[in-house]
Amino acid sequence: MRRLIRLGLLVLCSLLLLGAAVLYWQWHTRLPQREGQLSLPGLQAPVVVRYDEAGVPHIRADNEADLYRALGYVHAQDRLFQMEIVRRLARGELAEVLGPKLVDTDKLFRTLRIRHHADAVAARLDAQAPAVRGLQAYLDGVNAFQDSHPAPIEFALLGIPKRPFTAADTLSVAGYLAYSFAAAFRTEPALTRIRDQLGPDYLRIFDLAWYPDGVAQGQPAAAAPPGTGQARLTDSEHALLARLSAVSQQAMEHAAVPLYEGSNAWVVSGARSASGKPMLAGDPHIAFGVPAVWYEAHLSMPGFELYGLHQALNPFALVGHNRQFGWSLTMFQNDDVDFIAEKTDAAQPGKVWHGGQWVALESTTETIRVKGAEPVSLTLQRSPHGPIVNAALGPAGGERPIAMWWAMLETENPVLEAFYRLDRADTLDKARAAAALIHAPGLNLVWANAAGDIGWWAAARLPERPAGVDPSFVLDGASGEADKPGFRPFSDNPQEENPARGYIVSANHQPAGPRPIPGYYNLWDRAHRIDAQFASRQGPWDMAAMQALQLDTRTGYGPRVLAPLLPALRRAAAADPRQAALVEQFAAWTGDHPVEAVAPTVFHQFLHDLGHAAMADEIGEEAWQGMRRVRALDHALPRLAADAASPWWDRRDTPARETRDDIVALAWQHSMAHLATTLGDDPARWVWARAHAVEHEHPLGKQQPLDKVFNVGPFPVPGGREVPNNLSGPLAPVPVPVTYGPSTRRVIDFADPASARGANPVGQSGVWGDPHYADQAAAYARGESRQQHLGEDDVARATVSTLTLQPAR
């Protein structure tokens, strides 16, 4: 009997070892290959790929087609699942692999017509244009890798079938990028509802005015408020748009695909730098995720070299540099989406009133495949103004059509050509010409070259609108206020070249200019903080000073909100000495957010509770959850705090008439109770490090226990909402989830561009178990950077492994 037991245990151990060996083999065969030789179909000559210590490929080819084909191949072996998931999101195909909970997300993106637009543009591409040839070579490389290697582990877990990547996929992802910039989806429904259901007095706290002198130098001068649009919606129509806003937010959360939030970029001329050459810094603010949004690659061939940051399925760097020039991007934040309430008549079914006549809606039907469920049929409609968004909500969509005018769908937008040219733009004229080709989304291009030039262009196709119309609200489709008679010339866009002050700052703030450009601009406090450092600095700028400014954790926003509330806070805290001490910390607080400080923890909890106590009773809890995620609230809260007579202070759910002091006291006591419950009774332990941490989430990490396998972090971090080191998230209770921040931190001195610095929030590879899956995460959280190797000698010293791609025989 004992022999049988021993034999059984031996067999069991053998099976376990065999299973472990099979699992190891399955895992190991999916890791990227970074040394040796491989055959790549379509190559004209061998391509050498040298990998540095961070897993960044340095690709050397003899010609452009081989260069982009090799880039596609190595990009795919590190990021194939990212490519797959983002194309499925953009094209409305996630439910096919993730199941019924993603049906609403698919409906939304089908309704936006991103896939339809991308397919149409792809069909019109000139196959002989250099940008198109480069794209096709890159996609050939991506597909060559996919065809010759086991699928990533995520494909196996989710049952994702392989299929080729196409130019339409790349253009669809570009459409997603444009969508992620469009704050209108989450803002205009909220503002229109406040106008219609609460009245104009409640709109006063929302800063919708245009400031001709700009805002970067601080508190702008008063300006006349704009018009509000003529369309008035019913309660059911407001509920429809609120649901659309919620679906838009859920789409981002469920898909776990990074959303673009804001950015910093600045450039100084040689006259203000220690080296005598221009210096460039940039840190686009993008939602965190695994893998990181950017893929770094150093490309070189005879006559061309670029160290660039690439998006999934895009061969052309969106930010980059070489020895001659470089650039970074920030979000323009112009409003390029209008919602339009169409006029209908029961006697004219399927038609809307436009241009003095009844016009039939275009209608098509699509089928959404759903994993584990029956397919879903979706009817899409379009009016002369654009797609009807009701379809995204199915039966809840209501009867009155709400159309969406979106610049991305209404302009030529040759974005591939734009970035192909920008990757080669070594002069002001070339960079300006490339910027003019970017129609949507709106981007600020901040650029410099080694010859001594600096420049900034607000790149977007800006529509003309009828006088007095503010697209911050839903527009009336029958009145003509939604019509677009044309577009402004690019020369009218905000821009600067070689300004006399010797520096340019772009921080998503409203630019100066005599003609209003509607938009959802970020708080001016961050821009003011950055601009003030340049305006006040006596000595020249060097790499250390530029990096220190990127890591700065202070603005005047917190003190600006608190200043008018301090008397009320002192009264609210008077009975408790520890609370009174916290209020005095507020009074002395400079707005800094280091990890060891208590003030930012208390401030962010109080700011959330103040907004909730003042507004949730008027707009409802569901609407508040949407409101706390929009930029308009950042502008509203300081204005609310300063206005003791605002109608927001009186609660609608009580018979009494509350004052500002009452709501401040209510919010303060709620904050004290929440912090004690969450962080303990001792306020000295309410440090920012315990309340503010970043965790990089993988799409599969949304499900426990897979979060313990695929997610990276959490890491306590300094910084906060709208400070230069903009590590933040939506307004929320403590612990504050850090959902976005600098997606890189680049600094380039054109006296020595080969010593440029950069950072990746997670790592180069999206392949779980790869050494470069999360090797940069801890250093990033500490604010560290690494050299972006560019010089030949430096690349040779940094090379860890070499992969040679050979033409297929």
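About the thresholds
Residues numbered from 1 in each chain as written. Predicted model: local features only at pLDDT ≥ 70, side-chain atom pairs only at ≥ 80, totals over all residues. Heavy atoms only, no water. Helix = DSSP H or I, 4+ residues; strand = E, 2+ residues; numbered from the N terminus. Contact = heavy atoms within 4.5 Å. Areas by Shrake-Rupley, 256 points an atom, 1.4 Å probe, with all protein chains shown as cover. Lys, Arg positive; Asp, Glu negative; His and termini not counted. Charge placed at Lys NZ, Arg CZ, Asp CG, Glu CD. Pairing = 2+ DSSP bridges. Axes fitted to C-alpha atoms, helices over the stretch in contact; angles between N-to-C directions. Buried < 20%, exposed > 50% of the residue type's maximum accessible area, 1.4 Å probe, protein only. Parallel < 35°, antiparallel > 145°, perpendicular 65-115°, else oblique. Polar contact = N/O pair within 3.5 Å; in protein donor to acceptor, adjacent residues only side chain to side chain. Salt bridge = Lys/Arg side-chain N within 4 Å of Asp/Glu carboxyl O. Nonpolar A, V, L, I, M, F, W, Y, C, P; charged D, E, K, R; others polar. Phe/Tyr/Trp six-rings, centres within 6.5 Å; stacked < 30°, edge-to-face > 60°. Core = buried A, V, L, I, M, F, W, Y, C linked by side-chain atoms within 4.5 Å. Arc of directions from axis to C-beta. pLDDT = per-residue confidence, 0-100.

A. Summary view of the overall build of the protein chain. Helix and strand counts for the protein chain stand at 25 helices and 29 strands. By its C-alpha atoms, the protein chain is 85 × 80 × 70 Å across when sized along the principal axes. Taking the intrachain contacts of the protein chain between residues at least 6 apart in sequence as the baseline, contacts between residues at least 24 apart amount to 72%. Accessible area of the protein chain: about 29,900 Å², with a carbon and sulfur share of 55%. Averaging the coordinates of the 74 positive side-chain charges in the protein chain and doing the same for the 88 negative ones gives two points 4 Å apart.

B. Broad picture of the sheet that holds strand β22 (residues 692–696). Within the open sheet, the three strands sit side by side as β23-β22-β24. Their pairing is mixed. Each edge of the open sheet is held by one strand with a lone partner, namely β23 (712–716) and β24 (736–738). Here the average twist between neighbouring strands, direction ignored, is 30°. Pairing of β22 with β23 involves three bridges; the strand directions are antiparallel. Across the sheet, residue Ala693 finds its bridge partner in β23, namely Pro716.

C. Geometry of the pairing of strand β21 (residues 503–506). By the alternation rule, side chains of β21 split into Tyr503 and Val505 and Ile504 and Ser506, which are all buried. In this sheet, β21 lies alongside strand β4 (residues 260–268) in antiparallel orientation, the contact comprising four bridges. Each residue of the ladder has a partner; that of Ala265, found in β21, is Ser506.

D. Summary view of the packing of helix α2 (residues 64–91) against helix α4 (residues 103–111). At a minimum axis separation of 7 Å, α2 and α4 run at an interaxial angle of 65°. Relative to α4, the element α2 lies roughly perpendicular. In this structure, α2 contributes Arg88, Leu89, Ala90 and Arg91 to the contact, and α4 contributes Thr105, Asp106, Phe109 and Arg110.

E. How the structure looks around the side chain of Asp634. Of note, Asp634 is situated in helix α21 (residues 631–642). Of the polar contacts made by the side chain of Asp634, one reaches the side chain of Arg721; its length is 2.8 Å. Once you skip the residues sitting within four places of it in the chain, Asp634 turns out to touch Leu523, Tyr557 and Arg721.

F. Quick peek at the pattern of salt bridges. One pass over the full model with this rule turns up 48 salt bridges. Residue Glu84 pairs with Arg88 through a salt bridge whose shortest N-O separation is 2.6 Å. Residue Glu84 and its partner Arg88 are located together in helix α2, separated by four residues, close to a single helical turn. An identical accessibility class is assigned to Glu84 and Arg88; each is buried. Across the pair Glu96 and Arg369 runs a salt bridge, and its minimum N-O distance is 3.7 Å. In this pair, Glu96 sits in helix α3 (residues 95–98) while Arg369 sits in the loop between β13 (362–368) and β14 (376–383), placing the two residues 273 residues apart along the sequence.

G. Region of the structure containing the packing of helix α6 (residues 130–148) against helix α12 (residues 415–422). Two numbers describe how α6 lies on α12: the axes approach to 9 Å, and their chain directions differ by 95°. The angle between α6 and α12 places the two elements in the roughly perpendicular class. Where α6 abuts α12, its residues Pro130, Ala131 and Leu135 lie against Leu416, Glu417 and Tyr420. Residue classes in the contact of α6 with α12 are distributed as five nonpolar, no polar and one charged.

H. Spotlight on the side chain of Asp78. In this structure, Asp78 sits in helix α2. Taking relative accessible area as the criterion, Asp78 reaches 1% and is therefore assigned buried. For Asp78, the side chain forms a polar contact with the side chain of Tyr295, separated by 2.9 Å. Discounting residues that sit within four places of it in the chain, Asp78 has contacts with Pro32, Arg34, Tyr295, Gln764, Ser765, Gly766 and Val767.

I. Layout of the sheet that holds β14. Spatial ordering of the open sheet is given by β13-β14-β15, a layout of three strands whose pairing is antiparallel. Strands with a single pairing partner mark the edges of an open sheet, and in this sheet they are β13 and β15 (386–387). Sheet analysis places β13 next to β14, joined by seven bridges and oriented antiparallel. Pairing of Glu362 across the sheet is with Arg382, part of β14. Relative to the sheet, α4 contacts β13, β14 and β15, its axis offset from that of β14 by approximately 30°.

J. Looking closely at the packing of aromatic side chains. Counted according to the given criterion, the structure contains 26 aromatic pairs. Residues Phe81 and Phe155 carry aromatic rings whose centres are separated by 6.3 Å and whose planes lie at 70° to one another, so their mutual orientation is edge-to-face. With a gap of 74 residues between them, Phe81 in helix α2 and Phe155 in helix α7 (residues 153–158) connect regions that are remote in the sequence. The exposure class of Phe81 is buried, given its relative accessible area of 4%. What makes Phe155 buried here is its relative accessible area of 2%. Among the aromatic residues, those joined into a ring-pair cluster are Phe109, Tyr176, Tyr179, Phe185, Phe339 and Trp406.

K. Quick look at the nonpolar core. Within the largest apolar cluster, 147 residues are counted, with the highest numbers of intra-cluster contacts made by Phe339, Trp406 and Leu805. The element contributing the most residues to this core is α2, with 14 residues. Beyond its immediate chain neighbours, meaning those up to four positions away, Trp406 contacts Leu112, Ile114, Gly175, Ala178, Tyr179, Asp336 and Val337. Among the nonpolar cores identified, the runner-up in size contains 59 residues, and Leu198, Ile205, Ala614 and Leu637 belong to it.

L. The arrangement of helix α17 (residues 566–573) in detail. Among the residues of α17, those classed as buried are Leu566, Ala568, Leu569, Ala572 and Ala573. Down the axis of α17, the buried set is contained in an arc of 155°. They therefore lie on one face.

M. Focus on the confidence of the model for the protein chain. Overall, the predicted model of the protein chain reaches an average pLDDT of 93, with 94% of residues at or above 70. Throughout residues 18–26 the model reports pLDDT below 50, and contacts reaching past four residues in sequence, or to other chains, amount to zero contacts.

N. Structural view of the pairing of strand β9 (residues 325–331). Of all seven residues making up β9, seven are buried, and the element is well covered by its neighbours. Going residue by residue along β9, you find Phe325, Trp327, Leu329 and Met331 tucked away on one face and Gly326, Ser328 and Thr330 tucked away on the opposite face as well. Strand direction decides the pairing type here: strand β8 (residues 319–321) and β9, joined by two bridges, are antiparallel. Paired with His321 across the bridge in β9 is Gly326. One ladder, built from seven bridges, connects β9 with strand β17 (residues 443–449); its direction is antiparallel. By the bridge assignment for β17, Trp327 is matched with Trp447.

O. Representation of unusual backbone geometry within the structure. With an omega of 0°, the peptide bond running from Gln704 to Pro705 counts as cis. Cis geometry is adopted by the peptide bond preceding Pro735, which originates at Val734 and carries an omega value of 0°. Relative to the elements of secondary structure, Pro735 occurs in the loop between β23 and β24. With a phi close to 70°, Leu313 is a non-glycine residue in the positive phi region. Residue placement: Leu313 occurs in the loop between β7 (304–310) and β8. Positive phi is not limited to glycine here, since Gln333 has a value of about 70°. Mapped onto the elements, Gln333 comes out in the loop between β9 and β10 (337–341). By relative accessible area, which is 5% here, Gln333 ends up buried.

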